[in-house]
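# Structure at a glance
Residue strings, one per chain:
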Amino acid sequence: MLYPENIEVKIGFDKVKELLIEECESSMGVGFVNKISFATNFSTVKKLIGQSAEFKEIIQLGLSFPGQNFIDPSKSFARASVENSFLDEE
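On to the overall build of the protein chain, then. Within the protein chain, the secondary structure is distributed over five helices and zero strands. Each helix (α) and strand (β) of the protein chain, taken in turn from the N terminus, gives the series α-α-α-α-α. Over its C-alpha trace the protein chain gives a radius of gyration of 18 Å, far above what one expects of a compact globule, namely 12 Å for 90 residues. By the burial criterion, 6% of the 90 residues in the protein chain qualify as buried. Sequence-distant contacts in the protein chain: of pairs separated by 6 or more residues, those separated by 24 or more amount to 42%. As displayed, the protein chain offers around 8,400 Å² of accessible surface, 57% of which is attributable to carbon and sulfur atoms. Averaged over its 9 positive side-chain charges, the protein chain has a centre that lies 8 Å from the centre of its 14 negative ones.

Set out below in structure tokens:
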């Protein structure tokens, strides 16, 4: 099925993404939200719904979820990509 290029705006998905970005604590989170797009593949949508249901259950049951102290590893990855270099375990 074909959808218009502006489907995200028509259904308000762009506003949801803006709200998510406001809650992001790092540039990694913003980058991830910016990659989210309208999905039409059934297996992809099913997977994403399952992930959402799992997170909803975590919240509803009051289970512990690590929601802070995320570290952006991209600088470390850049250093490790240099030939004959490595990262310390810390």
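By the element assignment, Lys17 lies in helix α2 (residues 13-23). Since its relative accessible area comes to 13%, Lys17 is described here as buried. With sequence-adjacent residues up to four places away left out, Lys17 is seen in contact with Glu8, Val33, Asn34 and Ile36.

What follows concerns the packing of α2 against helix α3 (residues 27-35). At a closest axis distance of 9 Å, the pairing of α2 and α3 adopts a crossing angle of 170°. Between α2 and α3, the interaxial angle falls into the category roughly antiparallel. In this structure, α2 uses Lys17, Leu20 and Ile21 to contact α3, whose residues at the interface are Val30, Val33 and Asn34. For the contact of α2 with α3, the per-class residue count stands at four nonpolar, one polar and one charged.

The topology assignment puts Leu2 in the segment before α1 (7-10). Classification of Leu2 as exposed rests on a relative accessible area of 83%. Residues Leu2 and Thr40, 38 residues apart in the sequence, show an inter-C-alpha distance of 9.5 Å.

On the surface, Tyr3, Ile11 and Phe38 cluster together to form a nonpolar patch covering roughly 280 Å² of accessible area. Here Phe38 is to be found in the loop between α3 and α4 (42-60). In this structure Phe38 comes out as partly exposed when scored by relative accessible area, which is 30%.

What counts, and where the lines are drawn
Residues numbered from 1 in each chain as written. Predicted model: local features only at pLDDT ≥ 70, side-chain atom pairs only at ≥ 80, totals over all residues. Heavy atoms only, no water. Helix = DSSP H or I, 4+ residues; strand = E, 2+ residues; numbered from the N terminus. Rg over C-alpha atoms; globule rule 2.2 N^0.38 Å. Buried < 20%, exposed > 50% of the residue type's maximum accessible area, 1.4 Å probe, protein only. Contact = heavy atoms within 4.5 Å. Areas by Shrake-Rupley, 256 points an atom, 1.4 Å probe, with all protein chains shown as cover. Lys, Arg positive; Asp, Glu negative; His and termini not counted. Charge placed at Lys NZ, Arg CZ, Asp CG, Glu CD. Axes fitted to C-alpha atoms, helices over the stretch in contact; angles between N-to-C directions. Parallel < 35°, antiparallel > 145°, perpendicular 65-115°, else oblique. Nonpolar A, V, L, I, M, F, W, Y, C, P; charged D, E, K, R; others polar. Patch = residues over 30% accessible without salt bridge, like charges linked within 9 Å, V, L, I, M, F, W, Y side chains within 5 Å. Salt bridge = Lys/Arg side-chain N within 4 Å of Asp/Glu carboxyl O.

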